[in-house]
Structures are given as structure tokens and as C-alpha cells.
Amino acid sequence: MAGLFAVVWLAGCAGLPEGVLIPLETDVPGTTQVPILVATTRAPSADPGILYSGERGPAIDLNEIVVSIPPEENRTVGEVQWPKKLPPDPSRDFAALSVKTIPDVRAAEAWFLKHRTPNRRLLIFVHGFNNRYEDAVFRFAQIAHDSRMEATPLLFTWPSRGSLFAYGYDKESTNYSRSALELVLKTAVQNPAVDEITVLAHSMGTWLTVEALRQMAIRDGGVPSKIENVILASPDLDVDVFRQQLADMGPKHPKFTVFVSRDDQALRVSRRISGNVDRLGAIDINDPQYRALLEREGIVVLDLSALRVGDRLNHSKFAESPEVVRLLGARLIAGQTVTDQDIGLGERLGAAAMDVTNTVGSAAGLAVSVPIAIIDPATRDSLDDQADQLGRHLGNAVTGLVPVGTSGARRCDPRRQDCATAR
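Residues numbered from 1 in each chain as written. Predicted model: local features only at pLDDT ≥ 70, side-chain atom pairs only at ≥ 80, totals over all residues. Heavy atoms only, no water.

### Describing the overall build of the chain
Okay, so step 1: A count of helices and strands for the chain gives 14 helices and 13 strands.
Okay, so step 2: Counting over 423 residues, the chain shows a buried share of 56%.
Okay, so step 3: Sequence-distant contacts in the chain: of pairs separated by 6 or more residues, those separated by 24 or more amount to 78%.
Okay, so step 4: Accessible surface, the chain: about 17,700 Å² in total, of which carbon and sulfur atoms supply 51%. (Helix = DSSP H or I, 4+ residues; strand = E, 2+ residues; numbered from the N terminus. Buried < 20%, exposed > 50% of the residue type's maximum accessible area, 1.4 Å probe, protein only. Contact = heavy atoms within 4.5 Å. Areas by Shrake-Rupley, 256 points an atom, 1.4 Å probe, with all protein chains shown as cover.)

This is the structure in C-alpha cells:
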């Protein structure tokens, strides 16, 4: 147990600077500006470089922050480049260009009209445990920029103290913020300028997100249809509780996509301090019990266990892997499937090619044979055809996405001559 905490402690001691949100006077050519609407339940800070503390505020505050991203030649996709000294150098560092107060909902709606994309989609990001205000702002700016998403960004940031020793406080702060997030979601749903809403939540923020949706469903008889997609990245959710939360939502709930990784060290610690119950973000997708739950609820799972990124905790792969963060923008935020045949065969994720044996009948076998394994109940019936096509066109080497059916048994296509012998 002590060893696990040591791993988390060492990985968290990055010595990030404070006070980085004082706006710069000038911009640098070649940088990219990312405007973000922020809704927060944090208490304001008297320090203009911090803006909001980790303490709990009495109401929802709204503001806009414009973040400067360094030129492409000076950065790596997936990285948040923190300044080593202040003021930051925009040619190499993330920096705040402007900070403006949004006085009320009407002003927030005007902001959305100014920044909305042609598809009128809103992406709401809910950060995780151990995040300061500026951590959440810079991470979301990185995701929005690197994913090349077609959506207007709204950050919901809750009172995290940004300390590894404040796990209990942070968890209670998510509970404190449930009704506030529900109100933000309802306000967005009621805005006629918003057509579609996707919620992307990370780590402990997934608890806050699912609880707010559950509360909304109980109060209103279901989750509004405008909230189409919910993406849970490394969810710090008790699997048993998640099952009950889904049941409480009823059949009218959004489409869920979940990123998991069995080597997530942060969730390993969370499991130990939470009664040794599996966390949703670290499940084994080959476990029949979990596969049955995913199939029943129509949940799509992307298993990133085989991916390697710079995060020593393996807790932020969804944002730090260049291929995955671009997949977020190209497909998942828009609610599109990533397991159609054209995606499985045509889009490569850049991970090392791995051998696929000629025995393609076992879905579980395929799951461990590719860099990113996917469970999508909606496309399980096409597993055999896609696997056969992989064998014909790519031989035994494959790089990319392969859909993983939710049953280990091979399904028989009556159009095939060998159907009578298939089991």
C-alpha cells in the first residue's frame, strides 16, 4: 500500500508554477488562441494569477479565458507546456491572453453565439482529482486544440484543492457541485442555439458527471436528448455504484463511451482506499461479468492498456496520446462510432503493429492482439466479417482499431457455406 502511494506521490511532484493566469500584454505570431467559457463552483482568489482557489464558492461563477498555445513546431501533441518561469514565453509555453467575467446566463448565451461551431455542438469538460483551476484550464485548452474538435468548449471546474492528500475533500466537493453541474446542463439544453451536447469527464470528475445526470433523470424522468454523448476517461467510479447509477437513470440516458486502462496506477490506489472494489476505469474488458454489463447498457469501451504515453501514472492517456486525442475530436465528441469497418481498417493509431493469429473466432483473442481494443455492442455482429477482411487484406500485421464483440462465442452468418458447422 505504501509503495502505491509513493508512486503517486513521485509522479505528482512536478513543481508546477503558480500564478500563471495573469494575462499577457501581447500575442506571438504562430500561436493559437483557444477561448474557453468557464463555469465554476470554486471560491474566488484574491491573487489575479490564480483567479480561483480550491475552496468552495457560494454560487456558480462564469468567466472566459483565452489560452495561447505555442506554435506546432515548438510542441508535442498531448502535452501541456507549463512555463518554467513567469511571465511565460508564448512561443514555447501555454499562457493566458485574457480573462473576462461573464456576468450572467444571458451574457454566457451571447458568448456561445459568438463562438459556436456550424454544428452547434457544445463540449463540456469536467476535470478530475488533484486539479487546480489553472490545471483544468490548460488541460482543456490542450484537448480542445489537439483534438481539432468541432464543438464550443465549456469547462466546468469544481473545488479541488490540488493536493494528493485531499482525496476525501475533493470527493465531497464533487457531491457539493452536483446540483450546479445539473443546472449548467439544463441551461445548455434550454438554449435554442445549442443543438447537441457532449460531456467529457476525467477521473473523479466522472463521479460528479454521472451523479448530476442521475439526479437530472430522477428529477425530470430522464436525461434530455440534447445530451447525446458522455465520455468517461479513466473513471474513478465504483463499478457496483455505476451499475446502480445507470439503473436509476432508466432507459433514457445518453450514449456512454468509457476509456479504461488496466495499468492505471492512480485508480489502483483509489481501489485500495475504497474497499477494494474495482474502479470502472481499470476493469478487464475480458471479464464476463463486466462484458455482460457493457452489452446490456450499450456502452462502448476503449481499452488503452497497451498504449504507452509520458504519464507515469497511466491516468491521462486519453489526453496525452496524440492518436487518441485526435480520435476524440474526429469521432467521439461528435458521437460517431469508432468500430465501423471503414474505421477499423482505414484509420491507424500509430501504435506498433501486433500479430493477429489466423484463429479469429475468439473475440477475447482479438481484444489482446491490438494496441487499442474496443467493445461496441452495436457492431458485435460484424466481428467475424471484419476479422476475415483483416486477414485477407492485411495478413497477420494490423495497426488500428478492431471491434471486440461482447461474447466469446462466434456468431454464424447464415449466408456463409460453413454456417452449419459454426458454433
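### Observations concerning the confidence of the model for the chain
Okay, so step 1: Looking at the chain, the pLDDT average stands at 82 and 78% of residues meet or exceed 70.
Okay, so step 2: Of the regions scoring below 50 in pLDDT, residues 1–14 engages in 20 contacts with residues more than four places distant in sequence or in other chains.
Okay, so step 3: Low confidence marks residues 340–370, where pLDDT is under 50. Its contacts with residues over four positions away, or in another chain, come to 73 contacts. (pLDDT = per-residue confidence, 0-100.)

### Focus: the environment of Ile-283
Okay, so step 1: Considering the arrangement of structural elements, one finds Ile-283 in the loop between helix H8 (265–273) and helix H9 (288–297).
Okay, so step 2: A relative accessible area of 2% places Ile-283 in the buried class.
Okay, so step 3: Sequence-wise, Ile-283 and Asp-303 are 20 residues apart; in three dimensions their C-alpha atoms are separated by 9.0 Å.
Okay, so step 4: Apart from residues lying up to four places away in sequence, Ile-283 is in contact with Val-239, Val-260, Arg-262, Tyr-290 and Leu-294.

### Brief notes about the pattern of salt bridges
Side chains bearing opposite charge may pair, as long as their charged atoms lie close to each other.
Okay, so step 1: Enumeration over the complete set of coordinates arrives at 18 salt bridges.
Okay, so step 2: Of the charged contacts, one joins Arg-161 and Glu-55 as a salt bridge, the two residues approaching to 2.9 Å between their closest N and O atoms. Of this pair, Arg-161 sits in the loop between strand E5 (152–157) and helix H4 (167–176) while Glu-55 sits in strand E2 (residues 52–69), and the two are 106 residues apart along the sequence.
Okay, so step 3: Glu-55 gets classed as partly exposed once you look at its relative accessible area, which sits at 36%. (Salt bridge = Lys/Arg side-chain N within 4 Å of Asp/Glu carboxyl O.)

### With respect to the packing of helix H5 (residues 178–190) against helix H6 (residues 205–220)
Okay, so step 1: Look at H5 against H6: their axes get within 9 Å of each other, and the N-to-C directions meet at 70°. The angle between the axes of H5 and H6 places the two elements in the roughly perpendicular class. Considering the relative orientation of H5 and H6, their crossing is right-handed. Here Arg-178, Ser-179, Leu-181, Glu-182, Leu-185 and Lys-186 of H5 come into contact with H6, specifically with Leu-208, Thr-209, Glu-211, Ala-212, Leu-213, Gln-215, Met-216, Arg-219 and Asp-220. (Axes fitted to C-alpha atoms, helices over the stretch in contact; angles between N-to-C directions. Parallel < 35°, antiparallel > 145°, perpendicular 65-115°, else oblique. Left-handed = near helix turned anticlockwise from the far one by under 90°.)

### What to know about the nonpolar core
Okay, so step 1: Val-126, Phe-156, Ile-197, Ile-227, Leu-232 and Phe-256 are the most contacted members of the largest nonpolar core, which totals 55 residues.
Okay, so step 2: At seven residues, H6 tops the list of elements feeding residues into this core. (Core = buried A, V, L, I, M, F, W, Y, C linked by side-chain atoms within 4.5 Å.)

### Some thoughts on the pairing of E5
Okay, so step 1: The element E5 is extensively covered by neighbouring structure, given that six of its six residues are classed as buried.
Okay, so step 2: Here E5 shows no split at all, with Thr-152, Leu-154 and Phe-156 on one side and Pro-153, Leu-155 and Thr-157 on the other all buried.
Okay, so step 3: Note: strand E4 (residues 121–126) against E5, five bridges, orientation parallel. Within the sheet, the bridge partner assigned to Leu-122 lies in E5 and is Thr-152. (Pairing = 2+ DSSP bridges.)

### Quick notes on the environment of Arg-139
Okay, so step 1: Looking at the element boundaries, Arg-139 is found in helix H3 (residues 133–147).
Okay, so step 2: In this structure, the C-alpha to C-alpha distance between Arg-139 and Val-80, residues 59 residues apart in sequence, is 6.4 Å.
Okay, so step 3: Ignoring any residue separated from it by four or fewer positions in sequence, one finds Arg-139 in contact with Gly-78, Val-80, Phe-125, Ala-319 and Glu-320.

### A word on the side chain of Asp-236
Okay, so step 1: With respect to the helices and strands, the residue Asp-236 is situated in the loop between strand E7 (227–233) and helix H7 (239–249).
Okay, so step 2: The exposure class of Asp-236 is buried, given its relative accessible area of 5%.
Okay, so step 3: Here the side chain of Asp-236 touches Ser-270 through a polar contact of 2.6 Å, side chain to side chain.
Okay, so step 4: If sequence neighbours within four positions are ignored, Asp-236 has contacts with Tyr-167, Ser-203, Met-204, Thr-206, Trp-207, Leu-267, Ser-270 and Arg-279. (Polar contact = N/O pair within 3.5 Å; in protein donor to acceptor, adjacent residues only side chain to side chain.)

### Overview of the packing of aromatic side chains
Okay, so step 1: Counted according to the given criterion, the structure contains six aromatic pairs.
Okay, so step 2: Note on Tyr-52 and Tyr-133: the rings are 5.0 Å apart at their centroids and 40° apart in plane angle, and the pair reads as tilted. Here Tyr-52, found in strand E2, pairs with Tyr-133, found in helix H3; they are 81 residues apart in sequence, far enough to count as distant.
Okay, so step 3: A residue is classified by how much of its surface remains accessible, and Tyr-133, at 0% relative accessible area, is buried.
Okay, so step 4: Seen in terms of ring centroids, Phe-242 and Phe-256 are 6.1 Å apart; in terms of plane orientation they differ by 85°. Their pairing is edge-to-face. Linking Phe-242 in helix H7 with Phe-256 in strand E8 (residues 255–260), this pair joins segments that are 14 residues apart in sequence. (Phe/Tyr/Trp six-rings, centres within 6.5 Å; stacked < 30°, edge-to-face > 60°.)

### Section: the pairing of E2
Okay, so step 1: Relative to E2, strand E1 (residues 32–44) is paired through 11 bridges, and the arrangement is antiparallel. Bridging across to E2, Val-38 finds its partner in Asn-63.
Okay, so step 2: As defined by bridge partners, E2 adjoins strand E3 (residues 95–101) across six bridges and the pair is classed as antiparallel. Residue Asn-63 lies in a different strand from E3, and its bridge partner there is Thr-101.

### Notes on H8
Along an α-helix, a turn takes 3.6 residues, which lines up residues three or four apart on a common side.
Okay, so step 1: When we look at burial in H8, the residues that qualify are Gln-265, Ala-266, Leu-267, Val-269 and Ser-270.
Okay, so step 2: One side-chain oxygen at the N-terminal end of H8 lies 3.1 Å from the backbone nitrogen of Ala-266; it belongs to Asp-264.
Okay, so step 3: Where H8 ends, the next residue or the one after it, Gly-275, has phi of about 85°, a positive value.

### Side note on the side chain of Thr-31
Okay, so step 1: By the element assignment, Thr-31 lies in the loop between helix H1 (2–12) and E1.
Okay, so step 2: Residue classification places Thr-31 among the buried positions, given a relative accessible area of 14%.
Okay, so step 3: At a separation of 2.7 Å, a polar atom in the side chain of Thr-31 contacts the main-chain carbonyl oxygen of Val-28.

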